[in-house]
Amino acid sequence: MVRRIETIGNEVIFSFEGQPVTARAGDSVAAALTAVGISHLRDSVVSGAARGVYCMMGACFDCLVEVNGVPNRQACMTEVRHGLDVRRQSGGVEVRS
Ligand code: FES
């Protein structure tokens, strides 16, 4: 089990799947969700299996979520901000250029 070892920094409230999540300033979205026990961040494009954080350093892309309506955001590389709307990403997302 993962748990927060320090509670320094100002409180930041954002939402995941419409539910409020309390984080600390400076947390990544992935760290904040992990700290409250949320591990299912997206569904595999191939099998539909639940996926979540793995590397926590921007290399594996297993943590892709939708942030404020923008898909394919790496939760581990996105800093929490008050009012962010984070959604689980289901399957592949068409990228428009
Ligand atoms: S957990 Fe690997 S890129 Fe985010």
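Preceding this section is the structure that the text describes.
Attention here is on the structure that accompanies the text. (Residues numbered from 1 in each chain as written. Predicted model: local features only at pLDDT ≥ 70, side-chain atom pairs only at ≥ 80, totals over all residues.)

### Some details on the pairing of strand β6 (residues 70-74)
Consideration 1: Alignment of strand β5 (residues 64-67) against β6, held across 3 bridges, turns out to be antiparallel. Directly across from L64, in β6, lies its bridge partner Q74.
Consideration 2: Between the end of β5 and the start of β6, which pair antiparallel, lie 2 residues, with N68 showing a positive phi angle near 50°. (Pairing = 2+ DSSP bridges. Helix = DSSP H or I, 4+ residues; strand = E, 2+ residues; numbered from the N terminus.)

### Regarding the nonpolar core
Consideration 1: Core analysis: the largest hydrophobic core is formed by 19 residues, its most contacted members being V29, A30, L33, C63, V65, A75 and V86.
Consideration 2: Ranked by the residues each element gives to this core, the list is headed by helix α1 (residues 29-35), at 4 residues.
Consideration 3: When sequence neighbours within four positions are dropped, the list of residues in contact with A75 reads S28, V29, A30, L33, L41, V53, C63 and V65. (Core = buried A, V, L, I, M, F, W, Y, C linked by C-beta atoms within 7 Å. Buried ≥ 20, exposed ≤ 12 C-beta atoms within 10 Å, placed from the backbone. Contact = placed C-beta atoms within 7 Å.)

It is worth stressing that arrangement in space is one thing and function is another; only the former is reported here.
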